[in-house]
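Residue-level structural notes
Listed here are the chains, written in short residue letters.
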Amino acid sequence: MQNKIKIAYLITAYHDYEHLKRLIAALNDKNVYFFIHIDKNSLMPTNLNEFENIKFIKRHKVWWGGWSHQKAILNLMAEALKGSYDYYALISGSDYPIKNNDFLYSLLNEGGEFVSIKEGFPAEFKKGWITNFYFDLFYRRKPNKPVWIKVLLRLEKKISLYFPKKNFPFERVFFGPTWWVLTHSTVNYILDFLEDNPKYERFFKNSFCSEEILIPTIIGNSDIKNLKGNLTYVDWRIAPGPAFISKKHREIFENSIVNNEYGDNCAFFARKFKNENSEILKYIDNYLRI
């Protein structure tokens, strides 16, 4: 019987709490603990009282693409690090495991950092994510934007045009998916690095989607080795993505190997799910997680 290592699940969530409950129930084990940040824009869940291994951390408002989401992630890391866990798995409340838990334990028992990073900008327009100025005050994808949001968007463009950010606090930039599973030593290194280098947070506070750049850049410029690729499948074949997981993904999941979006590792999680799409969830539970 393989050793079941201790895992801290770090979850950012803001809605669909029935699915969140289903996610926690699927991952639950005596060797895991759940640290959850609930967006302050949302109501708190009231359906998780049966679980004793959950801690809700202090909440703040989270805006899509803003520093506020990265800050929630860092706060989850800091809170979980007070315990003693072998691995820390960052997932969203709309994720779900597509294999049984022993599959994850077998991967983690082999060691390594399960994160995907690539040097440089994956597309030229994404360079603007860090050279341009962005407010962290509103939901950027909101349709029929009110006047005050439109004014802020114009102001962002003016600031970016006349005062572009030039003094990068790093030698090389790295990009990667938000989601990862990292060892205790790596999570500790990241938080210590940010504490010792406050210029990083100052720089990224007004960047866009910093959760896809900050941690990958810290890891990429470090001596951290044995990067094995992240463990989350995401379908980016629609715009704007990602696509919700539905019965059309069954053919993908029926393959013995389901790659992550970089195609460099076998996925354990997939996102995004809706609890109302019970057909695909029942299929996963009855045929893939047995």
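Everything numeric here is computed off the predicted structure, so don't read it as measured data. (Residues numbered from 1 in each chain as written. Predicted model: local features only at pLDDT ≥ 70, side-chain atom pairs only at ≥ 80, totals over all residues. Heavy atoms only, no water.)

So, on to the overall build of the chain. If you tally the helices and strands in the chain, you get 10 helices and 10 strands. Compactness check: the chain gives a C-alpha radius of gyration of 19 Å against a globular reference of 19 Å for 290 residues, within 12% of the reference. With respect to the principal axes defined by its C-alpha atoms, the chain has extents near 60 × 45 × 35 Å. The buried share among the 290 residues of the chain stands at 54%. Here the contacts in the chain between residues at least 6 apart in sequence split such that 78% fall between residues at least 24 apart. Taking the average place of the 41 positive charges on the side chains of the chain and the average place of its 32 negative ones, the gap between the two points comes to 8 Å. (Helix = DSSP H or I, 4+ residues; strand = E, 2+ residues; numbered from the N terminus. Rg over C-alpha atoms; globule rule 2.2 N^0.38 Å. Buried < 20%, exposed > 50% of the residue type's maximum accessible area, 1.4 Å probe, protein only. Contact = heavy atoms within 4.5 Å. Lys, Arg positive; Asp, Glu negative; His and termini not counted. Charge placed at Lys NZ, Arg CZ, Asp CG, Glu CD.)

The strand order across the open sheet formed by three strands is 5-10-9, and the pairing between neighbours is mixed. Edge positions in the open sheet fall to strand 5 (96–97) and strand 9 (232–234), since each of these has one partner strand only. Judged from the two bridges that link them, strand 5 and strand 10 (residues 269–271) form a sheet pairing that is antiparallel. Looking at strand 10, one finds that Pro97 is bridged to Phe269. (Pairing = 2+ DSSP bridges.)

Before going further, it helps to spend a moment on the sheet that holds strand 4 (residues 87–92). Overall, mixed pairing links the five strands, which are arranged 3-2-1-4-8 in an open sheet. Every other strand in the sheet has two partners, leaving strand 3 (54–56) and strand 8 (180–183) as the edge strands with one partner each. Each adjacent strand pair in this sheet contributes to an overall mean axis angle of 20°, direction not counted. As defined by bridge partners, strand 1 (residues 7–13) adjoins strand 4 across six bridges and the pair is classed as parallel. (Axes fitted to C-alpha atoms, helices over the stretch in contact; angles between N-to-C directions.)

Another point: the environment of Ser246. Of note, Ser246 is situated in the loop between strand 9 and helix 9 (250–253). Measuring from C-alpha to C-alpha, the distance between Ser246 and Ala89 comes to 24 Å, with 157 residues separating the pair along the chain. Among all residues touching Ser246, those that are not within four sequence positions of it are Asn277 and Ile280.

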